[in-house]
Amino acid sequence: MPRWGMVIDLNTCTGCGACIAACKNENNVAYSSPEEAENGRALSWINLLPRYEGEFPNIHIQYYPMLCMQCDNPPCIKVCPVRATYKADNGIVAQIYPRCIGCRYCMAACPYTVKYFNWYEPKWEPEMIKSFNPDVSLRPKGVVEKCTFCHHRLIEAREEAMVEGIEFQEEQFVPACVETCPARAMHFGDLDDPNSMVSKLANSSRAVRFLEDLGTEPKVYYLSASEKLI
Amino acid sequence: MSYDPDAILYGPIESPGKSFRYTVAGLILVISLALFMYVRQFVLGLGVTGMNEPVTWGFYIVNFVFFIGISHAGTLISAILRLSKAEWRRPITRMAEVITAIVLAIGGLHPIIDLGRPDRILNIFRAGRLQSPLLWDVTSIAAYFTASTVYLYVPLIPDIAILRDRGAKPQWLYKFLSWGFQGTKKQKHVLERAMNILMVMVIPIAISVHTVISYIFSMTLQPGWHSTIFGPYFVVGAIFSGIAALLIVMITFRKVFHFEAYLKEVHFRYLSNLLLVMALLWFYFTFSEYLTGYFGHEPYEMKVFFYKFTGKYAPLYWGMVFCNFILPVIILSNKKTKKIPGILIASIGITIGMWLERLIIVVPSLANTRLPYPTGIYIPSLTEWSLFIGAVGMFMLGFVLFSRFFPLISVWEIKEGRETSVREVSERLKSYQPDQSLTETD
């Protein structure tokens, strides 16, 4: 069983935000108005966390793409009262929307603040409705949602391989953000496969993870020139 | 009918008067407004509250912890006083037990109104994970509610029988609820036995309830929550706010129903001694909790710490310290101010202070995320305020309705005290004396 993981090269990332747009389209993430976003109600499975260093004009800006870290030891699944969030065998932390009761305990327990709640009935602009991705279910109001590593693409890739009668290759499964990244700063693959790009990058000396000392074992790695993130 | 020295205790039941109806009407109005706001929230979604990302919990969880905390007044105090054979408990226990039952029902509703999908509440039984602290809560609150309502009801049976025999209306209610209690020797024996079992049982359940509520927070890794002291800290706070609430209720009904002959200065003095001890204990726990956090100086912990001490929440934090510690200690350790008005002020202060404490535990830890996101803001909306006021209204309505149908002071226990306790206590005191036959030296 592969252990899916992601590596993001911070020195290559330009902070363009294409991953955010790709993710929203791919996963039918509800649209939130600027006012709602201002009130902390925006839904965005991947986000850019900016970090400013120094004073103008000698300012250094670093963007950190933040998404569900798909922890190997996720604090969110431990607290869920109804098992609406769980870790699948392939390491992806999943969310069962029709079961979630909306207590938001997982959001309170997540140290990375990357889970999102449907505060209202989700809405989209008319054009967006026309281009819904049929592979991703729409979430109703009152449930928690988050990045799934586009696991519907995994199912699709497996089915395709089966139909074509070939063996499923790990390269066939790529999340939308990774596929879109114009700077090729994002890498995706099997962390347990020693020959894969991600496992090589994840084992490089530049690889760091967020809040490593919490023991959550996130599967999203960042490549950074500095030894510590943030 | 023969002369009954305790006739005043039946007053609210046998001649309720107009003020009862006005109060009930007013309270129902308040509760309906809250209900309307809740229906609106149910239809539109939790967006109508002030909660957001990252402050995903707000007033509802704060009030949940607060109301369940108040519930410790009751049963626990009454069980401990009964168990330790404190004779002065007799006019107090009933009110304490009523507080528990009502407040538990209200507190237990709060996690449900906090849910994004209350329609799926039964998933807790269908797919419940006992590993989740929320399920521990469901379990222990259900157990406590059962135990405390039974513990309220059992000692109420003889009083219901007295009311039935006095011909109080509605007769069918008293006939049904009194279970044919006639006060025979055997019935009294069974009653006492049941009470003894219940009061021993209720104490560990009560303590488990607030411990488990603290576990909701302390089981997560969040700074400011992840603390081993939280269990006992919450229990102490709960008993503290519970006694304060009990004193407020006692002072109110003493005034309204003219119970001055029953609730005397001495009862308030004793209870406020307990309150003073709890204020000191609360300070001790708060001090230990924050000093440990400060001394270690872990950066994430410090972010939350300074948010409370000097940041946005500083007015609330220091308000809490004033209400919970400075005010009650000044009032209750001074003989001149330790009178009923002073005790009332201290109790109201503590109730507000303990509510602030719950707010200060819930919100700042959520607002200050570990990763450098902007600090969260939480401003409760009108919906949350009206549901809060509605909950307080429900508490009052519960009490008013109870007082309309049942005596707020346990009549039979007062009578029993008058008839037997002087003899019993003097016998007990004698048994404490050194044994003459053993001290005699040859």
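On a predicted model such as this, the values are computed, not experimentally measured, just so you know.

> Just to check I follow, could you spell out the overall build of chain B for this structure?
In terms of helices and strands, chain B carries 18 helices and zero strands. Against the 2.2 N^0.38 benchmark of 22 Å for 442 residues, chain B shows a C-alpha radius of gyration of 24 Å, consistent with a compact globule. Across its three principal directions, the C-alpha atoms of chain B cover 75 × 70 × 45 Å. Within chain B, the proportion of its 442 residues that are buried is 44%. Of the contacts formed within chain B by residues at least 6 apart in sequence, a portion of 81% connects residues at least 24 apart.

> Would you mind going over unusual backbone geometry with me for this structure?
Residues apart from glycine generally show negative phi values, whereas peptide bonds are mostly found in trans. The step from Phe56 of chain A to Pro57 of chain A runs through a cis peptide bond, and the omega angle for that step is 5°. Along the chain, Pro57 of chain A turns up in the loop between β2 (47-53) and β3 (60-66). Geometrically, the link from Glu53 of chain B to Pro54 of chain B is a cis peptide bond, its omega value of 10° lying close to zero. Take Pro54 of chain B: it is sitting in the loop between α2 (18-44) and α3 (59-70). Notably, His258 of chain B is not glycine yet its phi reads approximately 55°, a positive angle. The topology assignment puts His258 of chain B in the loop between α11 (230-256) and α12 (265-296). A count of 11 C-beta atoms within 10 Å places His258 of chain B in the exposed class. One non-glycine residue with positive phi stands out, namely His297 of chain B, at about 55°. Secondary-structure assignment places His297 of chain B in the loop between α12 and α13 (299-309). A residue is classified by how many C-beta atoms lie within 10 Å of it, and His297 of chain B, with 9 of them, is exposed.

> Would you mind showing me how to read the environment of Val138 of chain B here?
Considering the arrangement of structural elements, one finds Val138 of chain B in helix α7 (residues 133-153). In this structure the C-alpha to C-alpha distance between Val138 of chain B and Tyr284 of chain B, which are 146 residues apart in sequence, comes to 30 Å.

> Sorry, what's going on with the interface of chain B and chain A here?
A common way to express how large an interface is: the accessible area buried when the components associate. Listed by partner, the interface residues are 35 residues for chain B and 38 residues for chain A. Mapped by element, the contributors of at least two residues to the side of chain B that touches chain A are α6 (123-126) and α7 of chain B. Looking at the side of chain B that touches chain A element by element, the count peaks at three residues for α7 of chain B. Class assignment of the residues belonging to the side of chain B that touches chain A gives a composition of 17 nonpolar, twelve polar and six charged.

> Before we go on, may I ask you to explain the packing of helix α4 (residues 74-83) of chain B against helix α10 (residues 185-218) of chain B in this structure?
All names here are of chain B. Where α4 contacts α10, the axes come no closer than 9 Å and their chain directions differ by 140°. In terms of their interaxial angle, α4 and α10 are classed as oblique. As for how α4 packs across α10, the hand of that crossing is left-handed. Facing Thr75, Leu76, Ala79, Ile80, Arg82 and Leu83 of α4, the residues of α10 in contact are Met199, Val202, Ile203 and Ala206. For the contact of α4 with α10, the per-class residue count stands at eight nonpolar, one polar and one charged.

So, how was this worked out
Residues numbered from 1 in each chain as written. Chains lettered and ligands numbered in written order. Predicted model: local features only at pLDDT ≥ 70, side-chain atom pairs only at ≥ 80, totals over all residues. Helix = DSSP H or I, 4+ residues; strand = E, 2+ residues; numbered from the N terminus. Rg over C-alpha atoms; globule rule 2.2 N^0.38 Å. Buried ≥ 20, exposed ≤ 12 C-beta atoms within 10 Å, placed from the backbone. Contact = placed C-beta atoms within 7 Å. Nonpolar A, V, L, I, M, F, W, Y, C, P; charged D, E, K, R; others polar. Axes fitted to C-alpha atoms, helices over the stretch in contact; angles between N-to-C directions. Parallel < 35°, antiparallel > 145°, perpendicular 65-115°, else oblique. Left-handed = near helix turned anticlockwise from the far one by under 90°.

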